[in-house]
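Geometric and topological summary
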Amino acid sequence: MASVFELARTLGEELQKTPQVEALLAAKKAYEEDPEISKAVAEYTQMHEEFQAKIQAGGIAPEEQKKFAEEMKARGEIIKNNKLASDLYTAEMNFNNFMNSVFNIITATMA
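Residue numbers restart at each chain and count upward from 1, following the sequence in its written direction. Local features in a predicted model are, by the rule used here, given only for residues with pLDDT of at least 70; side-chain atom pairs are given and counted only at 80 or more, and totals for whole chains, interfaces and linings are based on all residues. To get the side-chain values, all heavy atoms of the structure are used, and hydrogens and water are removed first.

The next subject is helix H3 (residues 35-56). Only runs of H or I of at least four residues qualify as helices and only runs of E of at least two qualify as strands under DSSP, and these elements are numbered from the N terminus. Each residue after the first adds 1.5 Å to the expected span of a helix. Counted at 1.5 Å a residue, the expected span for H3 with its 22 residues is 32 Å, and the 31 Å between its end C-alpha atoms agrees. Regarding H3, the residues found buried are Ile37, Ala40, Met47 and Phe51. For H3, the arc enclosing every buried residue in end-on projection is 95 degrees, short of the 170-degree limit, so these residues lie on one face. Looking at H3, the residues exposed on the side facing more than 90 degrees away from the buried face are Pro35, Lys39, Glu49 and Gln56. Whenever a nitrogen or oxygen atom comes within 3.5 Å of another N or O atom, the pair is scored as a polar contact, on the condition that within protein one atom can donate a hydrogen and the other can accept it, and that pairs from neighbouring residues in sequence are kept only if both atoms are in side chains. Of the residues flanking the start of H3, the one acting as N-cap is Asp34, its side-chain oxygen 3.1 Å from the backbone nitrogen of Glu36. Remark: exposure states derive from per-residue accessible area (1.4 Å probe, protein chains only) relative to the maximum for the residue type, with buried under 20%, exposed over 50%, and partly exposed in between. It is the directions from the helix axis to the C-beta atoms that the arc portrays.

Structure representation (C-alpha cells):
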C-alpha cells in the first residue's frame, strides 16, 4: 500500500494538470513579467512599510494619516483596475475554491 506521502505527491502531480492550477500559473507568470504592475505593487508596499515605520517611531498627525489613506486608496485602485492583477486575483480565488473542495473530500472520508 502506498504511503500517505506518496499519495500526496501523486495528488500534487495530478493537481498540476487541472485547469485551475494551469490558470493560476499562467496568471502568475503574466503578472510577474509585467514591469508596470510590479512597479505599482512595489511602490504600494514600500509606502505602506514606510508609514508603518513612522507610526512605530512615535505616531503621525491626523492630516498625514488622511493624506496617506487617500494616496493608498488611489494606488490601490490602480492595482485593482490592472487586468493582470485582476486576472491573478480571479485565478487565485478559483484555485483556493478548488483546493477547498479537494480538502473537503479528503476530510469527508475520515468522518
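Moving on to a nonpolar patch on the surface. Taken together, the side chains of Leu11, Ile106 and Met110 present a nonpolar region at the surface, about 280 Å² in accessible area. Among the structural elements, Ile106 can be located in helix H5 (residues 83-108). Residues enter patches when they are more than 30% accessible in relative terms and free of salt bridges; like-charged ones are connected within 9 Å and nonpolar ones (Val, Leu, Ile, Met, Phe, Trp, Tyr) within 5 Å. In this description, accessible areas are obtained by the Shrake-Rupley approach with a 1.4 Å probe, and a residue is regarded as covered only by the protein chains that are shown. One speaks of a salt bridge when a side-chain nitrogen belonging to Lys or Arg is within 4 Å of a carboxyl oxygen belonging to Asp or Glu.

A few words on the nonpolar core. Among soluble globular proteins, nonpolar side chains are generally buried collectively. Leu24, Ala27, Tyr31, Ile37, Ala40, Ile79, Ala85, Leu88 and Ala91 together form the largest nonpolar core, which totals nine residues. Looking at this core, the elements with two or more residues in it are helix H2 (19-33), H3 and H5. Met47, Phe51, Phe68 and Met72 belong to the second largest nonpolar core, which has five residues in total. The criterion is simple. A nonpolar core is a set of buried Ala, Val, Leu, Ile, Met, Phe, Trp, Tyr and Cys residues joined through side-chain atoms within 4.5 Å.

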